[in-house]
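Per-entry structural report
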Amino acid sequence: MKKLVYLVMAACVVTFCFSSNGWTQRKTTIKVGINAPMTGDIPKVGEGTKYAAEMWLDDVNKAGGIEVGGKKYPVELVLEDNESKAESAVKANTKMITQDDVMIIIGPQSSKQAIPAGDVANNYETPMISPWSTNPATTADRPFVFRGCFLDPFQGPVLANFITEEFGFKKAAVLYDVASDYPKGLAEFFKAAWEEKHGAGSVVAYESFTTKDTDFSSQLTKIIKSGADFLFTPQYYNEVALIVNQAKDLGWKGPVVGSDSWGSAETVELCGEACFGQFFSTHYAAAGAKGATKEFIDRYNASYGYVPDDVGALTWDALRLAQAAIEGAGELTGDIKKDRTAVRDALARVENFEGITGKMTFTEEGDPNKCAVIVKISDKGEYEFYKSICP
Amino acid sequence: MDIFLQNIINALQWGSFYAVVSIGYSMVYGVLMLFNFAHGDIFMVGTYIGFGIATLLLALFSAFMPGWMIFILVILITMFLASFVGVFVEVVGYRPLRGAPRASAAITGLMIGIIFETGNLIILGAKRFSFPPLIESVTYNFGGIYVTNVKVLIIVASLVMMAALHLFIKKTKWGMAMRAMSYDFQAVPLMGVSINIIAPMTFAIGAGLASVAGILYGQAYPVLDPYMGISLGWKAFVAAILGGRGSIMGAALAGYLLGFIEMFVPMFFPSTFRDLIAYSIILVILTFRPRGFFGMAHSTQLRL
C-alpha cells in the first residue's frame, strides 16, 4: 500500500512538472496544435501531416517566429496522435485546448475524426482547420471550424460528370466502408449525382463493408454479376490495394474509379500494377506542378525522400492559412480566449489566399471554393494530371 | 448459379483462415483450460516474420531457385521461428499465472497482444508493408467462375495442415500426451508427463500453424498491418467456441461455417447487414447448442 502511495505521488510530481512547464511559457509562445493519425489505420497520412508541419515550423523559426502587431512570437508545435479513432481525436483536441493552450488546431485529417473533434474545438471557441476532411458536417454550423479542401457534395458530381463524359458509362457500382464517415458520405453523394444523371436504378450495385475488413470477394462477386460498367470505391490506400486486386482476381475487367483518399503516396506501392491506368479525383497533382507547388514538392522530397501526397500539400496550406490568420489578428493580448477569437475572425476574413493546392476564399461555413483535379495513375505508377474541374 | 459457386470458392478461402487460426485457440484450451487471447496477435507476428523471411529469401535466391521451393522454405523457416513466439507467450504470459485466477490469465493474453501490436508499430514504424507474391497469381475462368492458383493453394495447404495436425494428435506419443492432458490436467502430470513441456509445445504448434496461415493470408491480402490480427483473432475465437471448446475438428468445421455464413449473407441481404446477420445466426446456433458442435458435456464443470 505504501508503495502505491509513493507511486501515485511520483506520478503527480511528474505530471505537475510537465504541466507547469507549459504554464510558464503560455504568454510568450504561440502554440499550434496538430491532431494527426500517427498510428492506427492510416499512419501514412499522419506522417505526411507531421512532415509538412516540421517544414513549416522550420520556415517560421528561420524567420524568427510569427510577427503579430510588430512583435515576433516564437512558435511551438503540439502534436497529438488520434490513432485514427474518433474518440481519440476528441481527447486529443480537448487536451490541446484545455491543457496546452494552443492558439489554433490543424487536423484531424479524416472526416471520421474531424467531425467529432470539430465539435470540441467549436465548443471551446478554438479555431480549427481540417486540411483534408471533405464531409460537409465537419464545418456545418461551426463558426470556429474551417477546412482546406473541397467538399464531398462537390466531389461526388465532379466524378459522376467526369465518368459520364470520359467513358460514356451508364451503370455504376459502388463499394464503400459503411463504418467511416468519409467513404459513406461520398458514396451517398456519388450515388445521388449518378442517379440524377442516369435515372433511378442506374447504380446497379451499392455494396458496403466495415473498417478492418480485408476480404471483399462476396461483395465484389455481387458487383461483377450486376453488370456494372465501372466500380467507384472512395476508400483509403490500404483498402484500395486489396479491393482492386481482388476485383481483378475475380474477373473484373472495367475501370475502378476513386476519390481523393486514393491520393496517398502508398496507394500505388501497395496496389501494384492493378492500379495502373485508374482515375481518381483529388486536390492537387504532383507530376507537372509549377511555382510554389513545385518548390514545396522539391523541398519535401529532398528532406523525406518521397513526393508528398495531397495530405502533405493541404496541411502545408492549412498551416500557412493559420499563420496568415495569426498575423492578421492585430495583436496578441495574452488572454488565450480573446486571441483565439481574434485569430478565428482573421481566418474568416482571408481572401484569395494563394495556396499550393489552389486559391482559397472561405464561405460563411468555413469551406473554401476550390477546383478539383482528376488524376490518372500512369503506367509507371505516377499520379499524372488529367483534367481540372472547377465549381 | 455461378454466383453461388463463386461464393463457395470465396468462402472456402476465407473460412480456411478462420479454421487454421481457431485451431490454435482450441488446442490451448484443451491443454490449459483457458483461451489464449494473444493468438490473433501471434498470427500477426507470424505474418510479419513470414514477410521478413520471404523478402530475405527472394532477395538472396530468386535468381536461381524456383518459386515453389522458396515458398516451401519460407513456410518451414517461418513456422520454426514463429513457434518460439508461441513458447515465449506461454513462458512469459501464462506460466507465472498458472495458479492464478482464470480471469487474470485471460487478461495476460490480451496484454501480450497489445504489447505485440505496439511493439511492432515502434520497431517497424507506421508504414504498411506489402507481402511479396511468392507465387505468381494466375486466374482461371471456369465458365464465369474465377479461381486463382493462390486460392487453390490456400485451401489445399490449410486442409493439409489440419490433416497433419490431426494425425499428429491421434498417432504420436506427443499427441497422446496432449490428449491425456486435456482429459485430466491434474492427474497426468503425476504420471510423469510434464505440463511445462506439453503447454509450450501446444503454444508452439498453434503459433506455427498461425504463421503459415499468415503467409497464406499475405498471398491473398498482401497489405500488412500491426492490428490485422484483432478482428480475425476474435472471429476465430468465436469459431473455437462454436466448434466446441477444446475440439480441434469442431474448431476447423466452425471456422469454415463462419466463412460460409459471412460470404453468403451478403448474397441475399444488403452487405451492410453482413456481420449483424452472420453473428445473429451464430447466436441462434449457440442458443440451441450451448456447448458448440463437439463440446463435451463435462466441460461445464471446468474452470472457465
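Higher on the page you've got the structure.
The following refers to the structure shown.

Definitions and cut-offs
- Residues numbered from 1 in each chain as written.
- Chains lettered and ligands numbered in written order.
- Predicted model: local features only at pLDDT ≥ 70, side-chain atom pairs only at ≥ 80, totals over all residues.
- Heavy atoms only, no water.
- Helix = DSSP H or I, 4+ residues; strand = E, 2+ residues; numbered from the N terminus.
- Rg over C-alpha atoms; globule rule 2.2 N^0.38 Å.
- Buried < 20%, exposed > 50% of the residue type's maximum accessible area, 1.4 Å probe, protein only.
- Contact = heavy atoms within 4.5 Å.
- Areas by Shrake-Rupley, 256 points an atom, 1.4 Å probe, with all protein chains shown as cover.
- Pairing = 2+ DSSP bridges.
- Disulfide = S-S within 2.5 Å.
- Expected span 1.5 Å × (residues − 1).
- Axes fitted to C-alpha atoms, helices over the stretch in contact; angles between N-to-C directions.
- 1 Å grid on protein atoms, 1.4 Å probe; cavity = no way out; pocket = protein on both sides within 12 Å on 5 of 7 lines; lining within 4 Å.
- Points joined across faces, edges and corners; volume = space filled by probe spheres on them.
- Nonpolar A, V, L, I, M, F, W, Y, C, P; charged D, E, K, R; others polar.
- Domains from an automatic or database assignment.

Another point: the overall build of chain B. Of the regular secondary structure elements, chain B holds 10 helices and four strands. Reading the secondary structure of chain B in the N-to-C direction produces α-α-α-α-β-β-β-α-α-α-β-α-α-α. Computed over the C-alpha atoms, the radius of gyration of chain B is 19 Å, within 12% of the 19 Å expected from 2.2 N^0.38 for a compact globule of 304 residues. Seen through its C-alpha atoms, chain B measures out along the principal axes to roughly 55 × 50 × 40 Å. In chain B, which comprises 304 residues, the share counted as buried stands at 54%. Across chain B, every contact between residues at least 6 apart in sequence was considered, and the portion connecting residues at least 24 apart equals 77%. About 13,100 Å² of surface is accessible on chain B, with carbon and sulfur atoms providing 76% of the total.

Attention now goes to the pairing of strand S15 (residues 372-377) of chain A. All names here are of chain A. The element S15 is largely enclosed, with a buried count of five among its six residues. Relative to S15, strand S12 (residues 279-282) is paired through four bridges, and the arrangement is antiparallel. Bridge pairing in S15 places Phe 280 opposite Val 375. Where S15 hands over to strand S16 (residues 383-389), the hairpin turn is made up of five residues, of which Gly 381 adopts a positive phi near 85°.

A word on the environment of A:Gly277. All names here are of chain A. Examined against the element boundaries, Gly 277 turns out to sit in the loop between helix H9 (266-271) and S12. Taking the C-alpha atoms as reference, Gly 277 lies 37 Å from Glu 87; in sequence the two are 190 residues apart. Residue contacts for Gly 277: discarding those within four places in its chain leaves Lys 376, Ile 377 and Ser 378.

Residue and element names in this part refer to chain A. This structure, assessed with the given rule, holds two disulfides over all chains. With a sulfur-sulfur separation of 2.1 Å, Cys 271 is cross-linked through a disulfide to Cys 275. The disulfide joining Cys 271 to Cys 275 has a torsion of about 85° about its S-S bond and is therefore right-handed. Residues Cys 271 and Cys 275 agree in their burial class; the two are buried.

To continue, consider helix H5 (residues 149-171) of chain B. All names here are of chain B. For H5, built from 23 residues, the straight-helix expectation of 33 Å at 1.5 Å per residue is met to within 8% by its first-to-last C-alpha distance of 32 Å. Taken together, the buried positions of H5 are Asn 149, Val 150, Lys 151, Ile 154, Ile 155, Ala 157, Ser 158, Met 161, Met 162, Leu 165 and Ile 169. In this structure, the buried side of H5 is in contact with helix H1 (2-32), strand S2 (139-142), strand S3 (145-148), helix H6 (173-183), helix H7 (195-220) and helix H9 (248-268).

Residue and element names in this part refer to chain A. With parallel pairing, the five strands of this open sheet are ordered in space as S4-S1-S5-S6-S7. In the strand order of this sheet, the two ends are held by strand S4 (75-81) and strand S7 (145-147), each with one partner. Pairs of neighbouring strands in the sheet enclose a mean axial angle of 25°, with direction left out of account. Relative to strand S6 (residues 128-130), helix H4 (residues 111-123) is tilted by about 165°, and along the sheet it contacts strand S1 (30-36), S6 and S7.

For the structure on display, the rule yields four cavities of 30 Å³ or more. Of the voids in this model, the largest cavity is the one considered here, and its volume is about 280 Å³. Along the walls of the largest cavity sit 22 residues, with A:Lys212, A:Asp213, A:Thr214, B:Tyr217 and B:Asp225 positioned nearest its centre. Put simply, the parts of the chain that give the lining of the largest cavity at least two residues each are helix H8 (237-249) of chain A together with H1 and helix H8 (228-243) of chain B. No other element matches H8(B), which puts five residues into the lining of the largest cavity. Considered class by class, the residues forming the lining of the largest cavity number nine nonpolar, four polar and nine charged. By volume, the second largest cavity amounts to about 100 Å³. Lining the second largest cavity we find A:Asp41, A:Ile42, A:Ser84, A:Ser110, A:Lys112, A:Gln113, A:Asp177, A:Ser180, A:Thr211, A:Tyr236, A:Asn238 and A:Glu239. Partitioned by chemical class, the residues of the lining of the second largest cavity number two nonpolar, six polar and four charged. Mapped onto the domain boundaries, the lining of the second largest cavity takes at least three residues apiece from domain 1 (2-149 + 290-360) and domain 2 (152-282 + 374-389) of chain A.

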